[in-house]
Amino acid sequence: MLTTTTNTIQNKEISEYKGIVHGEAILGANVFKDLFAGIRDIVGGRSGAYEDELKKARQIAIHEMTEEAARYGANAVIGIDIDYETVGSNGSMLMVTATGTAVSYR
């Protein structure tokens, strides 16, 4: 499945718009606790463990979005937007969402 943040596919014609698709992933409080417990992993102001967890969450959200697009019969998702939001009491969880438009192209 082709995925892109642009609203078009270069040198391709979009033949059908299938609808808006989305995917979500939530990192729980225990993830943050474990990550901050490993603060010694921080090198140059960056935490490799934290970045890995965010990457996993982003991949899950995109995977869920493309699975929904496939159920619609699409072969691409265009106009993808990825958002990060804190949720839960005291912002104890991080939600990653991916949204886009499922399309068919030729």
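Presented here is an overview of the structure given in this document. (Residues numbered from 1 in each chain as written. Predicted model: local features only at pLDDT ≥ 70, side-chain atom pairs only at ≥ 80, totals over all residues. Heavy atoms only, no water.)

## Digging into the environment of T97
Part 1 of the argument: Tracing the sequence through the fold places T97 in strand β6 (residues 93-105).
Part 2 of the argument: Along the backbone, T97 and E64 are 33 residues apart, and their C-alpha atoms lie at a distance of 9.8 Å.
Part 3 of the argument: Look past the residues within four positions of T97 in its chain and what remains in contact with it is G23, E24, A61, D81, I82 and D83. (Helix = DSSP H or I, 4+ residues; strand = E, 2+ residues; numbered from the N terminus. Contact = heavy atoms within 4.5 Å.)

## Description of the pairing of β6
Part 1 of the argument: With twelve bridges joining them, strand β2 (residues 14-27) and β6 adopt antiparallel strand pairing. Residue pairing for β6: I20 is matched across the bridge by T101.
Part 2 of the argument: Where strand β5 (residues 76-87) lies against β6, ten bridges are found, and the strand directions are antiparallel. Each bridged residue has a counterpart across the sheet, and for A76 the counterpart in β6 is V103. (Pairing = 2+ DSSP bridges.)

## Quick look at the side chain of E68
Part 1 of the argument: Along the chain, E68 falls in helix α2 (residues 48-71).
Part 2 of the argument: For the buried E68, no salt bridge exists, and the shortest N-O distance to an oppositely charged side chain is 5.0 Å, to R71.
Part 3 of the argument: Beyond its immediate sequence surroundings of up to four residues, E68 is in contact with I20, V21 and H22. (Buried < 20%, exposed > 50% of the residue type's maximum accessible area, 1.4 Å probe, protein only. Lys, Arg positive; Asp, Glu negative; His and termini not counted. Salt bridge = Lys/Arg side-chain N within 4 Å of Asp/Glu carboxyl O.)

## Looking at the pattern of salt bridges
Charged atoms that come close allow side chains of opposite charge to pair.
Part 1 of the argument: Tallying each qualifying case throughout the model produces three salt bridges.
Part 2 of the argument: R106 serves as the salt-bridge partner of E13, at 3.8 Å between the closest nitrogen and oxygen. With E13 in the loop between β1 (2-3) and β2 and R106 in the segment after β6, this residue pair connects regions lying 93 residues apart in the sequence.
Part 3 of the argument: The partner of E16 in a salt bridge is K18, with the nearest N and O atoms 3.1 Å apart.

## Points about the nonpolar core
Part 1 of the argument: Within the largest apolar cluster, 15 residues are counted, with the highest numbers of intra-cluster contacts made by V21, L27, A57, M65, A69, V77 and A102.
Part 2 of the argument: Elements supplying a minimum of two residues to this core: β2, α2, β5 and β6.
Part 3 of the argument: At five residues, α2 tops the list of elements feeding residues into this core.
Part 4 of the argument: Once residues lying within four places of it in the same chain are set aside, the contact partners of V21 are M65, E68, A69, Y72, V77, A98, T99, G100 and A102.
Part 5 of the argument: Residues I9, I14, A76 and V103 belong to the second largest nonpolar core, which totals five residues. (Core = buried A, V, L, I, M, F, W, Y, C linked by side-chain atoms within 4.5 Å.)

## Structural notes on the pairing of β5
Part 1 of the argument: Here β1 runs beside β5; their pairing, made up of two bridges, is parallel. Bridge pairing links L2 to A76 in β5.

## What to know about the sheet that holds β6
Part 1 of the argument: Strand order in this open sheet of four strands is β1-β5-β6-β2, and the pairing throughout is mixed. The sheet terminates laterally at β1 and β2, the two strands that pair on one side only.

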